Amino acid sequence: EQLIEWINRQALSTKLKWTYLVTSGGVMILSTLFLIGIQLYFFTAALIRQTQSQATMVGENLTAAMAFADADAARDILSALRLAPDVQSAVAYDAKGHAFVSFKRDQNDPAGALSAAAPAAARDPHAGDMVMDYRGIKVTRKIRVGNRVLGTLVVQSSVKSVYRQLALYLVLALPVMLALLSLSNFALSRLQRFFTAPILALSAVSEQISRLGDYSLRAQVSPAADVGLLARTFNGMLDRIQNRERELEAEINERKRIEIKLDRL
């Protein structure tokens, strides 16, 4: 209630300015959230494609090492994933579902501990080859030689880079929005005099008529449709008041003339 009372006490120009600023700010915030959603989709889609490409490439390179059970060669191939900063871990499972070789970027991260048993996606040939949540993306690829399945490769990437890009975008967007709102406030403060000048002129004429009692004063008609209509209505009211004043003055003068005549009689 106090806020409503404070708003009601403000001038019309102030109400219009704050209405515009609040509306513009809301539109900017919604637009920013929409753009962030689009950026999240594109960044995530790019990370998924990148992880799938890396899993496919590494899976093809592991074919010979898995066929000859060369763990050292397979480990060297997985180590090449260190050049991909988003890949956090990779595990190659043999045909029986046991971990053959693994790669883990952060050895001190208990949350990313590697399991010796193959996950359900690796054991089930009909399971999906990509799983995603708020923590990361997990891609599963079968390692094959012809129709023979040698094992399964599971590559997990972190989505932290996506969050960092979105945070950077938000950090850059917030100052831009504040700058635009500041410029809008400055421009509206300068333009509100132009917008409210006809209304202020009507107020000035009303105050002058009340102070002087001169109903011959007229408000300047604005070319604006709404304010012009108000000014014409205001001037029409003054015309009727002035005509009524003239009629009353004529009636009073006639009564005085009659009273004087009666006194003479």
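Let us look at the overall build of the protein chain. Each helix and strand counted, the protein chain has six helices and five strands in total. Mapped in sequence order, the helices and strands of the protein chain form the string α-α-α-β-β-α-β-β-β-α-α. Per-residue burial over the protein chain gives 29% buried out of 265 residues. Partitioning the contacts of the protein chain with sequence separation of at least 6, the portion at a separation of at least 24 is 54%. In the structure as shown, the protein chain presents an accessible area of about 18,100 Å², 61% of it carried by carbon and sulfur atoms.

What follows concerns the environment of Tyr93. If you trace the backbone, Tyr93 turns up in strand E1 (residues 87-94). Judged by its relative accessible area of 4%, Tyr93 falls in the buried class. Residues Tyr93 and Thr152 lie 59 residues apart in sequence; the distance between their C-alpha atoms is 5.0 Å.

This part takes up the sheet that holds E1. An order of E2-E1-E5-E4-E3 is seen for the five strands of this open sheet, with the pairing classed as antiparallel. The open sheet has two edge strands with one neighbour each: strand E2 (99-104) and strand E3 (130-132). Pairwise comparison of adjacent strand axes, ignoring direction, gives a mean angle of 15° for this sheet. Judged from the five bridges that link them, E1 and E2 form a sheet pairing that is antiparallel. Opposite Ala92, over in E2, you have Val101 as the bridge partner. Helix-sheet contacts for helix H3 (residues 71-79) involve E1, E2 and strand E5 (148-158), and the interaxial angle to E2 is about 30°.

Reading the values: rules and limits
- Residues numbered from 1 in each chain as written.
- Predicted model: local features only at pLDDT ≥ 70, side-chain atom pairs only at ≥ 80, totals over all residues.
- Heavy atoms only, no water.
- Helix = DSSP H or I, 4+ residues; strand = E, 2+ residues; numbered from the N terminus.
- Buried < 20%, exposed > 50% of the residue type's maximum accessible area, 1.4 Å probe, protein only.
- Contact = heavy atoms within 4.5 Å.
- Areas by Shrake-Rupley, 256 points an atom, 1.4 Å probe, with all protein chains shown as cover.
- Pairing = 2+ DSSP bridges.
- Axes fitted to C-alpha atoms, helices over the stretch in contact; angles between N-to-C directions.

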